[in-house]
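Chains, contacts and geometry: an overview
Here's the letter readout for the chains.
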Amino acid sequence: MIIRNVFMKTLYDKRWFVFGWTLGLMALTALMVTFYPAMHQDGSLEQLTKSMPPAFQGLVGNLDNLSRFSTYLASQLFDIRMQIIAGVMAIILALSISISEEENGQLRSLTALPISRTAIVVQKWLAMVVILSVTVLGTMVGILLFQTMINESIDLGELARLIFMTWILLIALGSLTFAAAMASGIRSVALSVGILVLAVSFIVTTFSVGVDWLKDFESFSIFYFFPAVDIVKEGIQLRDVSVLIGISVVSLVVTLIFFRRRDIR
Amino acid sequence: MKKTKTIIELKNVTKKFGTFTAIEDVSFSVEKGEIIGFVGVNGAGKTTTINAMLGFSVPTRGTISLFGERVVPSNAHLSHRHIGYAAGDMELPLHLTGQQYIDFVMSQFKGDHTDRLEALLKQFSPQLEKKIKTLSRGNKQKIALVAAFMTSPAIVVLDEPTSGLDPIMQDAFLELIRSEQKNGVTIFMSSHYLQEVAEVCTRVLLMKNGRIVEDLSAERLQRASGKLVRVVSKKAVIPPPHAKQATTTDNEHGVTTEFSYDGPIPQLQVWLAGLKSVTDLSVGDRTLEAEFRSLYDEGVEVK
Ligand SMILES: Nc1ncnc2c1ncn2[C@@H]1O[C@H](COP(=O)(O)OP(=O)(O)OP(=O)(O)O)[C@@H](O)[C@H]1O
Ligand SMILES: [Mg+2]
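Residues numbered from 1 in each chain as written. Chains lettered and ligands numbered in written order. Predicted model: local features only at pLDDT ≥ 70, side-chain atom pairs only at ≥ 80, totals over all residues. Heavy atoms only, no water.

1. Some details on the overall build of chain A
In terms of regular secondary structure, chain A is built from 13 helices and zero strands. The helix and strand sequence of chain A, counted from the amino end, reads α-α-α-α-α-α-α-α-α-α-α-α-α. A globule of 265 residues ought to have a C-alpha radius of gyration of about 18 Å, and chain A, at 20 Å, matches this closely. Scored against the burial criterion, the 265 residues of chain A give a buried share of 51%. Excluding contacts between residues fewer than 6 apart, the proportion of contacts in chain A whose partners are at least 24 apart in sequence is 80%. Carbon and sulfur atoms form 69% of the exposed surface of chain A, whose accessible area is close to 11600 Å². Each charge sign in chain A was given a centre, from 19 positive and 18 negative side chains, and these centres are 15 Å apart. (Helix = DSSP H or I, 4+ residues; strand = E, 2+ residues; numbered from the N terminus. Rg over C-alpha atoms; globule rule 2.2 N^0.38 Å. Buried < 20%, exposed > 50% of the residue type's maximum accessible area, 1.4 Å probe, protein only. Contact = heavy atoms within 4.5 Å. Areas by Shrake-Rupley, 256 points an atom, 1.4 Å probe, with all protein chains shown as cover. Lys, Arg positive; Asp, Glu negative; His and termini not counted. Charge placed at Lys NZ, Arg CZ, Asp CG, Glu CD.)

2. Some details on the sheet that holds strand β6 (residues 83–87) of chain B
All names here are of chain B. Pairing is mixed in the open sheet, where six strands are placed in the order β6-β7-β8-β3-β9-β10. What marks the edges here is a single partner per strand, and that holds for β6 and β10 (211–216). Taking the axes of each pair of neighbouring strands and ignoring which way they run, one obtains an average angle of 15 degrees across the sheet. Pairing geometry for β6 and strand β7 (residues 155–159), over five bridges, is parallel. (Pairing = 2+ DSSP bridges. Axes fitted to C-alpha atoms, helices over the stretch in contact; angles between N-to-C directions.)

3. Focus on helix α4 (residues 114–124) of chain B
Residues and elements named next belong to chain B. For α4, the complete set of buried residues consists of Arg116, Leu117, Leu120 and Phe124. Looking straight down α4, one finds its buried side chains confined to an arc of 95 degrees; they lie on one side. When the buried face of α4 is taken as reference, the exposed residues oriented beyond 90 degrees from it are Asp115, Glu118 and Lys122. For α4, the elements touching its buried residues are α3 (98–107), α5 (137–149) and α6 (167–182). (Arc of directions from axis to C-beta.)

4. Things to note about the pattern of salt bridges
In the structure shown here, the tally under the stated rule is 18 salt bridges over all chains. Salt-bridge contacts for Glu34(B) lead to Arg203(B); the nearest nitrogen and oxygen are separated by 3.0 Å. Here Glu34(B), found in the loop between β2 (20–31) and β3 (35–39), pairs with Arg203(B), found in strand β9 (residues 203–208); they are 169 residues apart in sequence, far enough to count as distant. A relative accessible area of 16% means that Glu34(B) is categorised as buried. Note that Arg116(B) is salt-bridged to Glu180(B), the shortest N-O span being 3.0 Å. In this pair, Arg116(B) sits in helix α4 while Glu180(B) sits in helix α6, placing the two residues 64 residues apart along the sequence. The network of salt bridges with common partners includes Lys9(A), Asp13(A), Glu101(A) and Lys124(A). (Salt bridge = Lys/Arg side-chain N within 4 Å of Asp/Glu carboxyl O.)

5. What to know about the interface of chain A and chain B
Taken together, the contacts link 27 residues of chain A with 29 residues of chain B. Both sides together, the interface formed by chain A and chain B hides about 2500 Å², and carbon and sulfur atoms give 58% of it. Considering only the side of chain A, the residues that lose the most area to chain B are Arg108(A), Pro114(A) and Asp263(A), jointly responsible for 24% of the buried surface there. Remark: the boundary between chain A and chain B carries one salt bridge. Here Lys15(B) ties to Asp263(A) by a salt bridge, and the two come within 2.6 Å at their closest N and O atoms. Our count for the contact surface shared by chain A and chain B stands at 12 residue pairs in polar contact (both at pLDDT 80 or more). (Buried area = accessible area lost by both parts, 1.4 Å probe. Polar contact = N/O pair within 3.5 Å; in protein donor to acceptor, adjacent residues only side chain to side chain.)

6. A word on unusual backbone geometry
Residues and elements named next belong to chain B. Here the phi dihedral of serine 125 falls at roughly 30 degrees; this positive angle occurs in a residue that is not glycine. One can find serine 125 in the loop between α4 and α5. Despite not being glycine, glutamate 160 shows a phi value in the positive range, around 45 degrees. Accessibility expressed as a relative area gives 25% for glutamate 160, which makes it partly exposed.

7. Examining the site of ligand 1
All names here are of chain B. What surrounds ligand 1 is a group of 13 residues, the closest being Gly43, Lys46, Thr47, Thr48 and His192. Within the contact set of ligand 1, an oxygen atom lies 2.8 Å away from a side-chain nitrogen or oxygen of histidine 192. Across the complex, the protein chains shield 61% of the 640 Å² of accessible surface that ligand 1 would expose by itself. Going through the elements one at a time, β2 and α1 (46–53) are the ones with two or more residues in the shell around ligand 1. At three residues, the largest contribution of residues to the shell around ligand 1 is made by α1. Residues belonging to the shell around ligand 1 are distributed by class as follows: five nonpolar, six polar and two charged. (Near = heavy atom within 4 Å. Nonpolar A, V, L, I, M, F, W, Y, C, P; charged D, E, K, R; others polar.)

8. Points about the domain arrangement of chain B
Per the domain assignment, the segments making up chain B are domain 1 (6–223) and domain 2 (226–285). A straight line from the C-alpha centre of domain 1 of chain B to that of domain 2 of chain B covers 41 Å. (Domains from an automatic or database assignment.)

9. Observations concerning the side chain of Lys9(A)
For Lys9(A), the position within the fold is in helix α1 (residues 6–13). Not counting residues up to four positions away in its chain, the partners in contact with Lys9(A) are Ile3(A), Glu101(A), Gln106(A), Pro93(B) and Phe104(B).

10. Quick word on the sheet that holds strand β11 (residues 226–233) of chain B
Residues and elements named next belong to chain B. One open sheet holds the four strands; their spatial order is β12-β13-β11-β14, and the pairing between them is antiparallel. The open sheet terminates on both sides in strands that have one partner only, identified here as β12 (243–251) and β14 (278–286). Taken pair by pair, the neighbouring strands of this sheet meet at an average axis angle of 10 degrees, ignoring direction.

11. Things to note about the confidence of the model for chain A
Chain-level pLDDT for chain A is 88 on average; 91% of the residues reach the 70-or-more range. For chain A, the element scoring lowest by mean pLDDT is helix α4 (residues 54–60) of chain A, at 61; α1(A) scores highest, at 96. (pLDDT = per-residue confidence, 0-100.)

12. Looking at the confidence of the model for chain B
Mean pLDDT over chain B works out to 89, with 91% of the residues at or above the 70 mark. Across the interfaces of the predicted complex, the ipTM metric reaches 0.86, alongside a pTM of 0.87.

See the structure below:
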């Protein structure tokens, strides 16, 4: 197979990454799906939840959600677990196709060829989007596959909504990190942007249920724009989609502006 | 691409890293077909100059033109269509095999270059089947060199191209440069091997502390040769007129006097005949290499 461009080269370089992470995320879904029968509740624990202090409710989640397979998956898999784990994956991916290649000198070799800086950015970014799509689709296939083992079946529309939102969330996280790396060329900058967004989001989202003053800052968490249970129950909100896609687009534009005019190591 | 004889031109290029000035006010131009040797001690600023020249970095001040067009990072790829580049410390894509890399580079250029590639593969016989990250430094370098020359570029820029090559490959490389010269290719190469620079270059730029301090033309290079005289005697001798860079060292065998000489030969003969109690004597050709070495040492002051 002839690797003709940066897009193909990035996919080729990352083939084992895709394979490993897709399997990993499928394993996570397998685990969460097979837990469902044990966790399944038909409302009898509602009283118990209500009696807990609100801070605990935030950590455990609404036990109501355990009564249906789709809300169970939304609250136990897509809310926070999947977001954090796949978010880490998106950040690692973004760093490895940008700053890592610059640090070891491969980016300079690319720049020496007749490939424009714009093309390098766009093709790498597209490859990242494709890789994230494959891993997210793997998760979807995993759910469809493993649900047969427990004789459940999720509504396809509900699953598609969750998967779509996961997809654009990961692209937003990856794009932010990619932008920091390609615009600055400094690993610590890129790494802190990625980790900061993820860590702040995690803390804000998990604690805002219990800590009153944090409520005002809820929207500082990127996960605020992916309320998994509401997405299953009420559908996708235009605002959430716009924010997440907006983050990606702005990141890409910033990358292009800075990367086209800076030194390459 | 405008038709010009001047194919590389730097005007007052300065590059600072923070407050540190790596190169300052560098200006030179290169005509089509010249083979430029770019020399200077470690840290003199050679790589910094080359990086700015190819648009890898943005000069703090000054302008760069290739093929008569002003070059900035966002348009550098246009001139790269006619430029080959290789560096001794270059990292090639680690996950590809040599063959995959060659194919990848080839895909970025227009035209059919298979014949040219075949010839280069014969000359350098690089290992193409192995993954690049498993190759030795010299073997990586061979692939980089093949990739730099295989598209028959008008300019080839090389940053210490032979630093990891074995002597046989170094010879193959010099052979390649000579044949490229016949094809009218312009070559700009930095090197620490003064011998190889002396052998193939038509002009030498010497860099010191971030400035170009010597620009030795072809004629100057021809004339640079003279005699290197070494005399061992019981007592110290006074070197003849026209002697340069004379040194004397004392040891138990006597006094050794060394100097280079580019005056009339009969005069040297007369001087030699007048020497007393000489225990050893040698008169040899002063190589270009020795000439460069003295330039490094001289501490050429910036004017
Ligand atoms: N990115 C950078 N940041 C700070 N200083 C730098 C940077 N790149 C180069 N320098 C400094 O600029 C000076 C010139 O370096 P350069 O690499 O151009 O030297 P060189 O002539 O190529 O040396 P060598 O023969 O060792 O390759 C050195 O003092 C170096 O430390
Ligand atoms: Mg160097």
